[in-house]
Amino acid sequence: MSLAGRICYIKSVLTTLTIFYLSLFKAPTSVYNRIISIQRSFFWAWGRDKRSIAWLSWETVCKPMEEGGLGIKDIRMFNSAILANWKWRLLSNEQGKWKDILVSKYSMESGRRPSQEKPQSWWWRDLSKICGEGVEEGWFQSVVQWKAGFGDKVKFWEDAWLGRNKLINLYPRLFSLSLDQGRTMGEVGVWEWSVWYWRLRWKRERFD
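The rules behind these values
- Residues numbered from 1 in each chain as written.
- Predicted model: local features only at pLDDT ≥ 70, side-chain atom pairs only at ≥ 80, totals over all residues.
- Heavy atoms only, no water.
- Buried < 20%, exposed > 50% of the residue type's maximum accessible area, 1.4 Å probe, protein only.
- Helix = DSSP H or I, 4+ residues; strand = E, 2+ residues; numbered from the N terminus.
- Arc of directions from axis to C-beta.
- Contact = heavy atoms within 4.5 Å.
- Salt bridge = Lys/Arg side-chain N within 4 Å of Asp/Glu carboxyl O.
- Patch = residues over 30% accessible without salt bridge, like charges linked within 9 Å, V, L, I, M, F, W, Y side chains within 5 Å.
- Areas by Shrake-Rupley, 256 points an atom, 1.4 Å probe, with all protein chains shown as cover.

> Tell me about helix α7 (residues 122-130), and name the residues and values.
Among all positions in α7, only W123, W124, L127, S128 and I130 are buried. The buried residues of α7 all sit within an arc of 160° when viewed along its axis, so they share a single face. Those residues of α7 that are buried lie in contact with α5 (75-91), α6 (97-105) and α8 (139-143). Positive phi shows up at G132, right after α7, with a value of about 75°.

This is the structure in structure tokens:
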């Protein structure tokens, strides 16, 4: 089999065989290493057990073709990406019993951080760890941008709906004076004669 054929085989078989399991579970490091070992052995040694010369680092091989790699998926990053997709599906308008169960179990709004008081399953803990969640906001939540729509899901201060920035970060002093902390966009304004008017409330009168 040619080099191009081995690359296609790794992408279409050795990687895709793991999709079902990696989309549900965070694989242990030993599993990562074993999968990568099989891929490398097939790629450089045609699957033979004897040692062969690796002409490139596996990190380079796994880079996209635009960056000088061969486009083979990094199995660790692939696992993290398809697990993080569960978070994305929670944020989307997708409906399903699985979504209702997660939202109910963890006392959270769709896709947002759950209550820390609720006991978490090992699956949810792994998912939260992959998304960088802990005491502080994780990388996943920090890069999510919202489209306002009806404004019933987007939080006025805490969500990034005005470009990539959150109003809480742009105007921290105003946020500290706001009585609308935690409220959605639809709750801090009204439609009057087809015109939207903000109805922001403050703890005290603001200086000019």
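Here the narrative resumes.
> Residue-level account of helix α1 (residues 3-14), with values.
All of the buried residues in α1 are R6, I7, I10 and L14. The buried residues of α1 occupy an angular sector of 105° when projected down its axis, which confines them to one face. Where α1 is buried, its residues meet α3 (29-45).

> Can you tell me about the environment of W88, naming the residues and giving the values?
Positionally, W88 belongs in helix α5. Separated by 52 residues in sequence, W88 and F140 have C-alpha atoms that sit 8.9 Å apart.

> Give me the lowdown on the pattern of salt bridges, citing residues and values where you can.
Under the definition given, this model contains four salt bridges. When the shortest N-O distance is used, the salt bridge between R89 and E94 registers 2.6 Å. Of the charged contacts, one joins E192 and R199 as a salt bridge, the two residues approaching to 2.9 Å between their closest N and O atoms. Beyond isolated ion pairs, a larger network of salt bridges with shared partners links D180, R183 and R201.

> So what's going on with a nonpolar patch on the surface? Residues and values would help.
A cluster of nonpolar residues, F20, Y21, F25 and W122, forms a patch on the protein surface that exposes about 500 Å² of accessible area. As for its placement among the helices and strands, F25 is situated in the loop between α2 (19-22) and α3.

Keep in mind these numbers describe shape, not what the thing actually does.
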